[in-house]
Amino acid sequence: MIRSTFAQAMLLLLLLLLFLLPDPIQAGEVRQVTDFDGGWLFKLGDFSSAMMAGFDDSDWQPVVLPHDWSSDGPFSASLASGTGYAPGGIGWYRKHFLLDQGMAGKSVSIEFDGVYEGAEVWVNGQFVGARPFGYSSFQCDLTPYLNFGEGGNVVSVRVDHSRFADSRYYTGSGIYRNVRLVVANQLHVAHWGVCITTPQVGVEAASVRVETRVENNYPTVQFFALETKILAPDGSCVATARGGGKASPPNGLNSHPSSCDSVQQLTVLHPQMWNVQDPQLYRAVSRITVGGKCVDEVTTVFGIREAHFDPERGFFLNGKSMKIKGVCLHHDAGAIGAAVPDKVLERRLLALKEIGVNAIRTSHNPPDPGLLDLCDRLGFLVMDEAFDEWTPGKNKWVTGVNRGQPSHFGYGEEFAQWAVTDISDMVRRDRNHPSIILWSIGNEIDFANDPFSDPVLGAEYRPHNPSAKNLVLLARPLIAAVKALDATRPVTAALATVSMSDAVGLAGMLDADGYNYQEWRYAMDHRNYPGRIIFGSETSHQYSAWLAVRDNEYISGQFLWTGADYLGEANEWPNRASGPGLLDLCGFKKPSGWFRQSLWSDKPMVYICGMIGRSRRRGWGGVESWNWPSNSDVAILCFANTPEVTLTLNGRTVGDKKLSEAVQGILHWEIPYEPGKIEATGRDMSGKALCHYALQTSGPPARIQLLPDATHLRPDGKDICNLEYRIVDAQGVRVPDATPEVTFALTGPVRLLGLGNADLNDVENEKANRHRAFQGRGLAILQTTGDSGQITIQASSPGLVAGKVTLQSHD
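Here's a quick rundown of the structure.

The rules behind these values
Residues numbered from 1 in each chain as written. Predicted model: local features only at pLDDT ≥ 70, side-chain atom pairs only at ≥ 80, totals over all residues. Heavy atoms only, no water. Helix = DSSP H or I, 4+ residues; strand = E, 2+ residues; numbered from the N terminus. Rg over C-alpha atoms; globule rule 2.2 N^0.38 Å. Buried < 20%, exposed > 50% of the residue type's maximum accessible area, 1.4 Å probe, protein only. Areas by Shrake-Rupley, 256 points an atom, 1.4 Å probe, with all protein chains shown as cover. Lys, Arg positive; Asp, Glu negative; His and termini not counted. Charge placed at Lys NZ, Arg CZ, Asp CG, Glu CD. Contact = heavy atoms within 4.5 Å. Polar contact = N/O pair within 3.5 Å; in protein donor to acceptor, adjacent residues only side chain to side chain. Pairing = 2+ DSSP bridges. Axes fitted to C-alpha atoms, helices over the stretch in contact; angles between N-to-C directions. Expected span 1.5 Å × (residues − 1). Core = buried A, V, L, I, M, F, W, Y, C linked by side-chain atoms within 4.5 Å. Salt bridge = Lys/Arg side-chain N within 4 Å of Asp/Glu carboxyl O. Disulfide = S-S within 2.5 Å. Phe/Tyr/Trp six-rings, centres within 6.5 Å; stacked < 30°, edge-to-face > 60°. Lys NZ or Arg CZ within 6 Å of the ring centre and 35° of its normal.

A tally of regular secondary structure across the chain gives 10 helices and 46 strands. Here the chain has a C-alpha radius of gyration of 28 Å; the compact-globule value for 811 residues is 28 Å, and the two agree. With the C-alpha coordinates of the chain rotated into their principal frame, the extents come out at 85 × 75 × 60 Å. Buried positions account for 57% of the 811 residues belonging to the chain. Taken as a whole, the chain presents about 32,500 Å² of accessible surface, with 52% of it coming from carbon and sulfur. Here the chain contributes 72 positive and 88 negative side-chain charges, whose respective centroids are spaced 3 Å apart.

The next thing to look at is unusual backbone geometry. Residues Gly73 and Pro74 are joined by a peptide bond in cis, for which omega reads 0°. For Pro74, the location among the structural elements is in the loop between β3 (61-63) and β4 (89-97). The linkage connecting Tyr116 with the following residue, Glu117, adopts the cis geometry, with an omega of -15°. Within the secondary structure, Glu117 sits in the loop between β5 (107-112) and β6 (119-123). Look at Asn318: it is not a glycine, yet its phi comes out positive at around 55°. For Asn318, the position within the fold is in the loop between β19 (314-317) and β20 (320-322). With a phi angle near 65°, Asn631 is a residue other than glycine that sits in the positive phi range. With respect to the secondary-structure elements, Asn631 resides in the loop between β31 (606-611) and β32 (633-640). Overall, Asn631 belongs to the exposed group, its relative accessible area being 79%.

Turning to the environment of Asp68, a few remarks are in order. With respect to the helices and strands, the residue Asp68 is situated in the loop between β3 and β4. In contact with Asp68, other than residues within four places in its own chain, are Tyr170, Gly172, Ser173, Tyr176, Ile336, Gly337, Ala338, Ala339 and Lys767. Here Ser173 takes part through its backbone nitrogen, which lies 2.8 Å from a polar atom of the side chain of Asp68.

With that settled, consider the sheet that holds β19. In space, the three strands of this open sheet follow the order β18-β19-β20, with antiparallel pairing throughout. Of all strands in the sheet, those with a lone pairing partner are β18 (307-310) and β20, marking the two edges. Averaged over neighbouring strand pairs, the angle between their axes works out to 35° when direction is ignored. Judged from the four bridges that link them, β18 and β19 form a sheet pairing that is antiparallel. Bridge pairing in β19 places Asp310 opposite Gly314.

In this section: the pairing of strand β34 (residues 652-658). Put simply, side chains in a regular strand alternate between the two faces of the sheet. Examined bridge by bridge, strand β33 (residues 644-649) and β34 share six bridges and lie antiparallel to one another. When the bridges of β34 are listed, Thr648 appears paired with Thr653. Connecting the antiparallel pair β33 and β34 is a turn made up of two residues, with Asn650 showing a positive phi of about 50°.

Over its 14 residues, helix α2 (residues 342-355) extends 20 Å from the first C-alpha to the last, a length consistent with the 20 Å expected when each residue adds 1.5 Å. Packing partners of the buried residues in α2 comprise β21 (324-329), β22 (359-362), α3 (369-378), α10 (591-600), β40 (720-728) and β44 (777-784). One or two residues past the end of α2 sits Gly356, with phi positive at roughly 115°.

Overall, antiparallel pairing links the six strands, which are arranged β3-β2-β4-β9-β6-β7 in an open sheet. Each edge of the open sheet is held by one strand with a lone partner, namely β3 and β7 (126-131). Taken over all neighbouring pairs, the strand axes of this sheet differ in orientation by 25° on average, direction set aside. Judged from the four bridges that link them, β6 and strand β9 (residues 153-161) form a sheet pairing that is antiparallel. Across the sheet, residue Val123 finds its bridge partner in β9, namely Val155.

The next subject is the nonpolar core. In this structure, Leu352, Phe387, Trp390, Ile441 and Trp626 are the most contacted members of the largest nonpolar core, which totals 118 residues. Residue contributions to this core peak at nine residues, all from helix α5 (residues 470-485). Other than its neighbours up to four places away in sequence, Phe387 contacts Phe133, His364, Tyr411, Phe415, Ala419, Asp422, Ile423, Ile441, Gly442, Asn443 and Leu478. With 30 residues, the next largest nonpolar core counts Val63, Leu99, Val115 and Leu146 among its residues.

Under the counting rule described, the total for this entry stands at 51 salt bridges. Shared partners join several salt bridges into a network, and the residues in it are Asp502, Asp513, Arg521, Asp525 and Arg532.

Attention now goes to the state of the cysteines. On inspection of all chains with the given rule, the structure shows zero disulfides. Looking at Cys294, it has no disulfide partner, and the nearest cysteine sulfur is the one in Cys237, 15 Å off.

Right, let's talk about the environment of Pro311 for a bit. With respect to the secondary-structure elements, Pro311 resides in the loop between β18 and β19. Pro311 gets classed as partly exposed once you look at its relative accessible area, which sits at 21%. A C-alpha to C-alpha distance of 54 Å links Pro311 and Asn769, two positions 458 residues apart in sequence. Contact partners of Pro311, with chain neighbours within four places excluded, come to His526, Pro530, Gly531, Arg532, Ile533 and Tyr554.

Let us look at α5. Helix length check: α5 (16 residues) gives 24 Å between terminal C-alpha atoms against 22 Å at 1.5 Å per residue, within 8%. Within α5, burial applies to Leu471, Val472, Leu474, Ala475, Leu478, Ile479, Ala481, Val482 and Leu485. Buried residues in α5 make contact with α4 (415-430), β24 (436-443), β25 (491-495), α6 (498-504) and α7 (506-509).

This part is about the packing of aromatic side chains. In this structure the tally under the stated criterion is 32 aromatic pairs. A centroid spacing of 5.2 Å and a plane angle of 80° characterise the contact between Phe36 and Phe97, whose relative ring orientation is edge-to-face. Pair noted here: Phe36 is in the loop between β1 (32-35) and β2 (40-44) and Phe97 is in strand β4, with a separation of 61 residues, a long-range link. Taken individually, Phe36 and Phe97 each receive the classification buried, so the pair is uniform in this respect. Clustering of aromatic rings is evident, with ring pairs tying together Tyr116, Phe133, Tyr135, Phe387, Trp390, Tyr411 and Phe415. The residue whose ring lies beneath Lys353 is Phe380, and the NZ or CZ to ring-centre distance is 4.8 Å. In this arrangement the basic side chain of Lys657 is found over the ring face of Trp669, its NZ or CZ atom lying 5.1 Å from the centre.

Take a look at the structure:
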């Protein structure tokens, strides 16, 4: 009787499992790429048999990828300041799936855009791959171990971030980027197997070189035809190339597939150039046929453009000189940590575009491929960076920047074995993006005494530290790996101690030299190294740092530290984030962003903020408020790019100033505080008003205002609404010092990804449905489920009129 009951229970469990499994992925004639982000199960902890197909995961948490468990907290002073006092640990992910019987005999692989870190992957209990570096994209072949038809499959991923103090900045933990399942015929285009360059670009015509790697998993030689079509931005076919090849079978049992490379030359007449103002994109469609039947098809997005650096005249894009107006960006986004949907990235990039930013440095690791897609589409140049450390590793501060004893473990322990593979895969993955203009092999690897040292440092030399001469030995294979895969772009590094890099020969190995915070060297090094390409790979926001770029033709540009505030690299608890951004943790523009807009944007703009007390002469760091104590003298800081500015207070003219009167790029007034409305008007030379900006004194908090950036969403489980919540007075003016706790109630097909307020010292749970406002506002990030319907969001707080907004999720 006991055995019978057990058997019945097991049968019921099996039927339930089959019922819960999604519909099988259907077979197709050519390549199928399936979004594999949904339907995962997760549990924090280590489980010795969690890779086995029959492991009981019935009590695991359902999650949708991308997923970053560090952002769930709890945050604690006992953790590491470098990584934002966020938890690490070991976690497991599992996904059950079915494959149609028609897929038997196909090649099936899983692609991960990023798993932080120490990823190990199994399918049906069989180990299929691992990747230590948390920022590398990688692929695992599942083919030999899969079941087709009614037999289910389980992919299991173990993620080991138990040594959480492994970075100088926030990393996140988990499968924090997208995942795909790829099903192809055994003869197919290899992973990252298409490489497109444009060797000759002109107004009348552009040459396009397409190199395609074809992979053969069949046991016999395969003869194939390869057709490549170039599709213009409007979808029309503008060039076609046809050829063929022979792919040998794999050599030996369980060996890697054999590959065959094919090069095709095409010409595009009257090309539409990719540039930062009008980023036109083409598509190359690569089609493999055997006996007239298509067996694989891959589409690769690319751009036609010519970019080069000149040591005397700076940077050129499509023959036109331009300054690189760049920012460094870490990969996190406030409340949601490192699992950042594309629409959150896009909102931030559009805000930076409005400021006048035209370039992104991916500090300090290979970025999410989605970021590069957005840079291609929106028109940003990119410095694609591989590493923050080589070996030995750098200091990772645990109790605050430059405080206490740092940790030293991290990527430095994997560098010797994995660095060439990791940087090679970065280049293979990213080389078709027209936005990329530089490959960076490292950030501040030459930082004096962290860990490398050299006698050129004088009194700072530490003879017991690793010799800086090792930098040359470590750099050589990285540079060679990049150039073997892409000889069209310069190799660079962000140098922290140029004197030491020059002394040992590292700077001379690079095609372009990035200088971090060393503007004082520009003129001297330009004289001493007349062939050197110099740019500011990391700079402060100071006006003088910009003048060093603007006023020297040979300096190609600068990358500000940073475009947005970021988690980690924190000081003592409860500080969890660093605040040098043009945007804050929620993506709201800060006064520093407005100041930069006055320097970089061509669109007329004016902005004002205020300061009181001893701080009122301190640069551009004002406060966006007109609520000050009575009898205060307020310093008004005005950032503008118009020839003249008029300042009025409650309708009375305070004064007019010309932009030529600006000190360090800023116009100043100092006036007694008077409640009401203060307004700046930017004017042209004739006095015509071009733009306005005003601050209004607010009354006490009265209600909550909800401001969604989208009201119609796609029911695809991925679409995003960035919902700003504001605390406003009875007239709708934001109350700049309001900090009430706001509670959100959601109904309909939507989930809350994160709830933040941009406070660098906020240690609250950012995944709960309640959170404080900061400076009178905050941001809720909402994501649709897979269902259609009406979505209602209500935000409430004691003593305030609740805010309510309705969204629609439909096709």
